[in-house]
Each structure stands twice: as C-alpha cells, then as structure tokens.
Amino acid sequence: MTRSRWLGIVLIVLGLVVLLIAPQALSCVTDFHHTACQASGTIVLKVIGLGLVAAAAAVLARHGTRAGGSGDSTR
C-alpha cells in the first residue's frame, strides 16, 4: 500500500471515531428544576468528523486517478 492510501484510511478511521464520540460532547448543566444541555460541542465534532472523512475521500480519489485505474481494466 502506498503512503497516500494509508493516509486516506487513517483519516477515514479518525473521522469515524470523532463522529462516534460526538454525541458524548453535550455540555449539560443540571439545575434543581431542569437540565439544560448545549449541543455546540456535538456540532463542532460532527463538522470535524465529516471534514476528516471528506479529506480522506479526496486523498483516496487523487490516489486512484494517479494510479491510472490499476484495478479496473476492461479488455
């Protein structure tokens, strides 16, 4: 495997990990009468996770075009 393919795989894994952790990032404050939660941490982590997955897709797509379609030969 080439370096760019490894980079793409690592970025995808990191992006998925961040997306899985994102729901845990709610900052909640418990009052006697109610609980108020802010979802800003969750939103930020989801954006970062999606950005990592998109960057990985770009790296892998660039790697695929540079390879010249090595696994897709139709004769």
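Summarised in this report is the structure supplied together with it. As the structure is a computational prediction, the values presented were derived from the model and not from experiment. (Residues numbered from 1 in each chain as written. Predicted model: local features only at pLDDT ≥ 70, side-chain atom pairs only at ≥ 80, totals over all residues. Heavy atoms only, no water.)

### Section: the overall build of the chain
Of the regular secondary structure elements, the chain holds two helices and two strands. In sequence order, the chain lays out its α and β elements as α-β-β-α. Partitioning the intrachain contacts of the chain with sequence separation of at least 6 by distance along the chain shows that 62% fall at a separation of at least 24. As displayed, the chain has an accessible area near 5,900 Å², and 66% of this comes from carbon and sulfur atoms. (Helix = DSSP H or I, 4+ residues; strand = E, 2+ residues; numbered from the N terminus. Contact = heavy atoms within 4.5 Å. Areas by Shrake-Rupley, 256 points an atom, 1.4 Å probe, with all protein chains shown as cover.)

### Examining the environment of Trp6
Secondary-structure assignment places Trp6 in helix H1 (residues 3–21). Looking at Trp6, the relative accessible area reads 49%, which means it is partly exposed. For the pair Trp6 and Val59, spaced 53 residues apart in sequence, the C-alpha separation works out to 9.7 Å. (Buried < 20%, exposed > 50% of the residue type's maximum accessible area, 1.4 Å probe, protein only.)

### Some details on the side chain of Ser4
Turning to its location among the elements, Ser4 is positioned in helix H1. Accessibility expressed as a relative area gives 18% for Ser4, which makes it buried. When sequence neighbours within four positions are dropped, the list of residues in contact with Ser4 reads Val59, Leu60 and His63.

### Focus on the side chain of Thr42
Along the chain, Thr42 turns up in helix H2 (residues 40–67). Among all residues touching Thr42, those that are not within four sequence positions of it are Ala22, Pro23, Ala25 and Leu26.

### Section: a nonpolar patch on the surface
Taken together, the side chains of Trp6, Ile9, Val13, Val17 and Ile21 define a hydrophobic patch exposed on the protein surface, amounting to about 440 Å² of accessible area. The topology assignment puts Val17 in helix H1. (Patch = residues over 30% accessible without salt bridge, like charges linked within 9 Å, V, L, I, M, F, W, Y side chains within 5 Å. Salt bridge = Lys/Arg side-chain N within 4 Å of Asp/Glu carboxyl O.)

### Details of the environment of Val44
Within the secondary structure, Val44 sits in helix H2. By relative accessible area, Val44 is classed as partly exposed at 47%. Sequence spacing of Val44 and Ala25 is 19 residues, and the spatial spacing of their C-alpha atoms is 9.3 Å.

### Overview of the environment of Ile9
By the element assignment, Ile9 lies in helix H1. Sequence-wise, Ile9 and Ala56 are 47 residues apart; in three dimensions their C-alpha atoms are separated by 6.9 Å.

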